[in-house]
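Summary of the model geometry
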Amino acid sequence: MKTIVLDHIRRWWWLWVLSTIACTWIVGFGSPLKPDLSNACFPLAMYLGVVQLSQDLMRTDLRRVLRSMPVSNRQIGRAWWWASVGVPGLLMTLIVGLVLVASRYYGKQPLSLEAARNFLVGNTLLFGPQFYFFSRIPSLGSFKNGRSQLLGFLFSLLFMATTFSMIYFYRIFPPHTLAWKCFVAAGSALTIASWFGAEAFARERLESPPLRPRSDQSMPRWMRSNKLADRSMEGRGGMWFLFKTIFVRMVLMGLTMLLIGGGAFRVTQWLTNTFSSMAIQADLQVLIFLTQMLFWLILWQTMKASLHIRFLRTLPVPATSVAGTLIFAPVAAMLVVTVFATLVFAFLFSNLSYNPVELWRHGSLLQMSLAISVVPIVVWRGFDLFAGALVMAMVIGGPVSALLLKQHLQFDLLTHVVISAGLILTAFLASTWLLTHSSKTYRPRKNQFGGRHFGVAS
Amino acid sequence: MNDNAIEIRGLVKTYFPFRLGALDLTVPRGAIYGLIGPNGAGKTTILDLIYGMGRNEEGEIRVLGFDHQRDAVALKRRTSYVSPELNFDVWGSVGRAIRFVRGFYPTWDDAYCKDLMKSFDLDAGARIAWLSFGARTKLSVLLALAHRPELLLLDEPTTGLDAVSKQQLFAELLRIVEDGERTVLISSHNLTDIERFADHVGMIRHGQLLLEGRMDEVVDRFRLAEFFTENNAEFANRDGFIVVKRNENRWQAVLDQERGVADWLQKSGAQNLSLTRMTLEDLFVALAREKEAV
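Here's a quick rundown of the structure.

Conventions we followed
- Residues numbered from 1 in each chain as written.
- Chains lettered and ligands numbered in written order.
- Predicted model: local features only at pLDDT ≥ 70, side-chain atom pairs only at ≥ 80, totals over all residues.
- Heavy atoms only, no water.
- Patch = residues over 30% accessible without salt bridge, like charges linked within 9 Å, V, L, I, M, F, W, Y side chains within 5 Å.
- Areas by Shrake-Rupley, 256 points an atom, 1.4 Å probe, with all protein chains shown as cover.
- Salt bridge = Lys/Arg side-chain N within 4 Å of Asp/Glu carboxyl O.
- Helix = DSSP H or I, 4+ residues; strand = E, 2+ residues; numbered from the N terminus.
- Phe/Tyr/Trp six-rings, centres within 6.5 Å; stacked < 30°, edge-to-face > 60°.
- Buried < 20%, exposed > 50% of the residue type's maximum accessible area, 1.4 Å probe, protein only.
- Lys NZ or Arg CZ within 6 Å of the ring centre and 35° of its normal.
- Contact = heavy atoms within 4.5 Å.
- Core = buried A, V, L, I, M, F, W, Y, C linked by side-chain atoms within 4.5 Å.
- Buried area = accessible area lost by both parts, 1.4 Å probe.
- Polar contact = N/O pair within 3.5 Å; in protein donor to acceptor, adjacent residues only side chain to side chain.
- Nonpolar A, V, L, I, M, F, W, Y, C, P; charged D, E, K, R; others polar.

A cluster of nonpolar side chains, Trp13(A), Val17(A), Ile21(A) and Leu385(A), forms an exposed patch at the surface whose accessible area comes to about 390 Å². Looking at which element gives the most residues to the nonpolar patch, the answer is helix 2 (residues 13-33) of chain A, with three residues.

Structure (structure tokens):
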């Protein structure tokens, strides 16, 4: 069991380090802003916890290796529990403890024991429910009937709600209220339940049928073959098709996430308005934050395409076209998503005062060009440890620092446009140069999930 | 018209500590050329450089008369590249991948594409992520063949293919070169296939071309020599002579008949010398392990 936990930490050490630094910074420097830490909830469980484990479980080779090891399902399940709940909880305790002691000696305004305790309880009790809900989602190979699909959908919703509720944690569960007490009780119960359910979770994941080609009759028909795709050979192909594919996928993904995120935000706002004195507000800051987070999330579509550089470069098309598609398709999609964001916000919150230009002026353009600047890095190195750590650091740090620096970066729109255009153009030129000059770009690629080759059909 | 499909002269590329070249390689037009060598010899690097994936430090590559960098687009329009490291997952389904690639080639043959889909048992609606390794290789071959390229570069194309699929693949390759105008350069570890289907062969090791020529001439040039010695006579590797095995006074070695080593052996005390024809695989193993030999 210990070996499995240590192996997990060894492979994900960089994310643990990044998260620890970010969390310590938030707890340490968030407290002077508001001594009860109520504005400083760091969603550690969004980066550590079962979210990491889910990345591991996507790799069938890891499951195959574990199955062949002389360890029981109980040992594997409990090792996963320790990696996703136990160790992150202990880490959070250590961070809060250190900050508490440090603030006694060095802080201008010492962190109160009660604030630290609330912060610790609130954050630590999120790991267990997260693990529990995730463990109840059937693996893809087990989606045999309507019931398992419905359960999968339900627990996926609960899992996502647990994960993203952390952002407004103190507003949903203000300390000393009934909501807080309910949270502590439910969180404790689900943490205990997750420990006892870990064995069944491991059994289900390790023994479920693996994803197979369309010949696997245990899959629902819609999963085996996409009948719509039978007609997909028709129509115009070439680079335009790649541009369109990236653009449409990013816009659809962005719109879906906006609607889900905005809807969840609307429900949360209604709940806090009804049951709590700390109602959350749907202001410009929230809209900017949501949009900027979206840029990073939808960029994944481009990264997927960037990981197929070898294939793209075998085609009769100049490097500038490949680089142009990888850079400008996401730029176009992000601009459209910004427009959608204001429309969705206007629709959900009946607030028509925001427009895309206002978002761009408040840092969205800069954030967008910063996100695009990741493309040449992925072109150069694939999604290896360095690129993965860099992207995660930017995902965590980009939107947060943009909000913190907003007061200091009072650029006018033209300055934003010029800087952003410069960054995007640099990304394009760098990508083109890498495609024609760098051999590393075409070497077999490893990803940050433990060394599986990217770009290799396996 | 130039008689050679590929001409490589003085090619040098360094991936520290590996160095390819300086390397000269010639692939005649209309040939099936097998490029063989141990792992890490530089086979994929050569194919990559031909296709402009990375830059050579020195040397010149001409493909179908085109400069491989200056005329990269024109060159790629008339050639194809197949490798197990090509991945089409981003397209989701087989049909979408075909649609994407078809858009680049005016010479794309839809009827031939459908024939190949049937022959390779590929369904347009099949999800690429769920295809087996062999089926992905078949998709890669299909995308490469359907525009009827003048030159086909195949990097380990038989990896993951079963015997039937391998036969299908080579049958298609033979059909391609039937008219004598189309050329296939195939890099593979499967030497039985190479010996059976290729008419030219080039062997590289540590980034250097060891030998190159027509398959029958290359295989005919080398012999496995078995002989005995007396008085503890010693033989070490020399030009055209590689010791494969030694058991007391009984020796096995590879002889290059063009170097006149047989005469030298007999003069040096080798007795009961017998020479037998070698397979390409035996020759490959002997040459690839030359440094480690006794």
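The subject of this paragraph is the packing of aromatic side chains. Taken as a whole and judged by the stated rule, the model has 21 aromatic pairs over all chains. Between Phe311(A) and Phe88(B), the ring centres sit 4.5 Å apart and the planes meet at 85 degrees, which makes this aromatic pair edge-to-face. Taken together, the residues Phe311(A) in helix 14 (residues 309-312) and Phe88(B) in the loop between strand 6 (79-82) and helix 3 (94-102) connect one chain to another. Across the pair, exposure class does not vary: Phe311(A) and Phe88(B) are buried alike. Grouped by ring-pair contacts, the aromatic residues Phe241(A), Phe311(A), Phe88(B), Trp91(B), Phe100(B) and Phe104(B) constitute a single cluster. Across from the ring centre of Trp264(B), 4.2 Å away, lies the NZ or CZ of Arg238(B), which sits over that ring.

This paragraph deals with the side chain of Thr229(B). Residue position: Thr229(B) is located in the loop between strand 11 (222-228) and strand 12 (241-247). If we ignore the near neighbours within four places in the chain, the residues touching Thr229(B) are Phe235(B), Asn249(B), Trp251(B) and Gly269(B).

Here the focus is the nonpolar core. Of all hydrophobic cores here, the largest spans 155 residues; its most connected members are Ile6(B), Ile50(B), Trp91(B) and Phe100(B). Once residues within four sequence positions are removed from consideration, Trp91(B) is found in contact with Phe241(A), Leu242(A), Thr245(A), Arg249(A), Phe311(A), Arg96(B), Ala97(B), Phe100(B) and Ile128(B). Within the second largest apolar cluster, 25 residues are counted, among which are Ile4(A), Val50(A), Leu66(A) and Ile76(A).

Between chain B and chain A, the residue contacts involve 48 residues of the former and 48 residues of the latter. Summing both partners gives a buried area of about 4,500 Å² for chain B against chain A, and 58% of it is carried by carbon and sulfur. Taken together, the connections running from chain B to chain A amount to one salt bridge. In this structure, Arg310(A) and Asp48(B) form a salt bridge, with 2.7 Å as the shortest nitrogen-oxygen distance. Counting the contacts that link chain B with chain A gives twelve residue pairs in polar contact (both at pLDDT 80 or more). Going through the elements one at a time, strand 1 (4-15), helix 1 (43-50), helix 2 (72-77), helix 3, helix 4 (110-119) and helix 5 (133-145) of chain B are the ones with two or more residues in the side of chain B that touches chain A. No other element matches helix 3 of chain B, which puts seven residues into the side of chain B that touches chain A. Here the residues of the side of chain B that touches chain A are counted per class, giving 22 nonpolar, twelve polar and 14 charged.

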